[in-house]
Amino acid sequence: MLRKAYIYLSIFLVNWCYAQIGGNYSFQNLNNFYSARQLGLGGDLIAIYDGDLQTAFSNPALLNEEMTKKAFIGQTLLAGGINTGSLAYGRQLRNYTGAAHFRYIAFGKMDRTDINGTNLGTFSPGDFIFGASASKKVNERMYIGATLNLMLSQLDAYTAFGGAVDIGGVYKDDEKRIVVAGVVKNLGMQFKGYTKERNPLPVELQLGISHKLAHAPFRFTLTGTNLQKWDLTYNDPNAKDKVDPLTGDTIKVKKANFFEKTARHALIQTEILFGKKFHIRVGFDYHRRREMALVSRPGLAGFSFGTGIYLKRFSLDYGWMIYSTAGSQHGISITIPIR
């Protein structure tokens, strides 16, 4: 029973940020985080332009020549035996930089039972994404890119298929050390669902800006997430105004104000760059904290921490994303050059 509880909790955590808008969408695994650097910075890396192949998962326009002939492998772990994995390889294709990638979520073994609870064995559900990305340099400062994803979801005897496209753009000013980026994710459709009903994909609009300080080893990034939906707060449909029995005053149902709704879209990411060899990372997602933190024990919910070591023959990254005191996600990634 304890193992089952961990599995159900982990499945929920995989789809954490869509708790209020996710019930109507399919293939939520498109928005999971598969690399250690993503975990360490608390989410997508749409406005960080360097030679790290991991950033291509977040914004295809970030693909560049420094990523060519590099191979990437990543593994993350959640509670209950759930794990995610990713592979990627970058290559220069004439005037384009391309990458092929594969991502998966393995939910571990689950019991198969009939309507009477009789055990009929076990099965292992999983979600898989097969993708290809390409980017092109428009001019000295602007880049565009696109990703094509094909999705497969398998749940015992049931399967679902779909296709999606991500479109991204980047503006980079090296003199001011500023990168501005935007991406539209998951434009597509579900070709086949578990049932005859087909649900839409979780389309998301993101905008971001990063700035590297001139005389200090800090890079700050602010990313706006889920910009396609203004109000991400949950309003209980059963909540009603109350009357104070002592004063007779009406106590209205508390609703989020403008600043609360704005903060729910903010992902703050900071990197401390000790030269080119060693990085420390911290991320904070206010929406994740508000949705996932336990009232009695909020802890570090919404925070993320990570580090990266970059050597000549390989690079190694570690990330830790904290959902609540009930669970977190750890990840490790390795990138190696292939000549």
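**Notes on the overall build of the protein chain**
Phase 1 of the analysis: Counting its regular elements, the protein chain contains four helices and 18 strands.
Phase 2 of the analysis: The C-alpha radius of gyration of the protein chain comes to 21 Å, within 12% of the 20 Å expected for a compact globule of 339 residues.
Phase 3 of the analysis: Along the first, second and third principal axes, the C-alpha set of the protein chain runs to 65 × 60 × 35 Å.
Phase 4 of the analysis: Within the protein chain, the proportion of its 339 residues that are buried is 45%.

**Quick word on the pattern of salt bridges**
Pairs can form between side chains of opposite charge whenever their charged atoms are close.
Phase 1 of the analysis: Under the counting rule described, the total for this entry stands at 17 salt bridges.
Phase 2 of the analysis: Among the ionic pairs, Arg219 bridges to Asp50, the shortest N-O distance being 3.8 Å. Of this pair, Arg219 sits in strand β11 (residues 218–224) while Asp50 is found in the loop between α2 (36–40) and β1 (70–77), placing the two residues 169 residues apart along the sequence.
Phase 3 of the analysis: Given a relative accessible area of 18%, Asp50 falls into the buried group.
Phase 4 of the analysis: A salt bridge links Arg281 to Glu271; its shortest N-O distance comes to 3.0 Å. Of this pair, Arg281 sits in strand β15 (residues 278–285) while Glu271 sits in strand β14 (residues 266–274), placing them 10 residues apart in sequence. Here Arg281 matches Glu271 in class, with each residue buried.

**Considering the side chain of Asn149**
Phase 1 of the analysis: With respect to the helices, strands and loops of the structure, Asn149 is situated in strand β7 (residues 142–155).
Phase 2 of the analysis: Within the structure, Asn149 has its side chain in polar contact with the side chain of Arg103 (distance 3.0 Å).
Phase 3 of the analysis: Once residues lying within four places of it in the same chain are set aside, the contact partners of Asn149 are Leu30, His101, Arg103, Ile129, Phe130, Gly131, Gly162, Gly163, Ala164 and Asp166.

**As for the pairing of strand β10 (residues 204–212)**
Phase 1 of the analysis: Sheet topology places strand β9 (residues 178–192) next to β10; eight bridges connect them, and they run antiparallel. In the sheet register, Val184 faces β10, and the bridge partner there is Leu205.
Phase 2 of the analysis: Here β10 pairs with β11 via six bridges, running antiparallel. Across the sheet, residue Lys212 finds its bridge partner in β11, namely Arg219.

**Comments concerning a positive patch on the surface**
Phase 1 of the analysis: A cluster of basic residues, Lys276, Lys277, Lys312 and Arg313, forms a positive patch at the surface.
Phase 2 of the analysis: With respect to the element layout, Lys276 can be found in the loop between β14 and β15.

**Some thoughts on the confidence of the model for the protein chain**
Phase 1 of the analysis: Averaged over all residues, the pLDDT of the protein chain is 89; the fraction at 70 or higher stands at 93%.
Phase 2 of the analysis: Per-residue pLDDT stays below 50 along residues 1–20; that stretch engages in 45 contacts with residues further than four places along the chain or on separate chains.

**A few points about the packing of aromatic side chains**
Phase 1 of the analysis: Throughout the structure, instances matching the rule amount to 12 aromatic pairs.
Phase 2 of the analysis: Seen from their ring centres, Phe284 and Phe303 are 4.6 Å apart, and the 40° between their planes marks the pair as tilted. Taken as a pair, Phe284 in strand β15 and Phe303 in strand β16 (residues 303–310) lie far apart in primary sequence, 19 residues in all.
Phase 3 of the analysis: With relative accessibility at 26%, the residue Phe303 sits in the partly exposed group.
Phase 4 of the analysis: Among the aromatic residues, ring-to-ring pairing joins Phe102, Tyr104, Phe128 and Phe130 into one connected group.
Phase 5 of the analysis: The ring of Tyr96 has Lys136 sitting right over it, with the charged end atom 5.1 Å from the ring centre.
Phase 6 of the analysis: Taking NZ or CZ as reference, Lys172 lies 4.9 Å from the ring centre of Tyr49, over its face.

Conventions adopted
Residues numbered from 1 in each chain as written. Predicted model: local features only at pLDDT ≥ 70, side-chain atom pairs only at ≥ 80, totals over all residues. Heavy atoms only, no water. Helix = DSSP H or I, 4+ residues; strand = E, 2+ residues; numbered from the N terminus. Rg over C-alpha atoms; globule rule 2.2 N^0.38 Å. Buried < 20%, exposed > 50% of the residue type's maximum accessible area, 1.4 Å probe, protein only. Salt bridge = Lys/Arg side-chain N within 4 Å of Asp/Glu carboxyl O. Polar contact = N/O pair within 3.5 Å; in protein donor to acceptor, adjacent residues only side chain to side chain. Contact = heavy atoms within 4.5 Å. Pairing = 2+ DSSP bridges. Patch = residues over 30% accessible without salt bridge, like charges linked within 9 Å, V, L, I, M, F, W, Y side chains within 5 Å. Areas by Shrake-Rupley, 256 points an atom, 1.4 Å probe, with all protein chains shown as cover. Lys, Arg positive; Asp, Glu negative; His and termini not counted. Charge placed at Lys NZ, Arg CZ, Asp CG, Glu CD. pLDDT = per-residue confidence, 0-100. Phe/Tyr/Trp six-rings, centres within 6.5 Å; stacked < 30°, edge-to-face > 60°. Lys NZ or Arg CZ within 6 Å of the ring centre and 35° of its normal.

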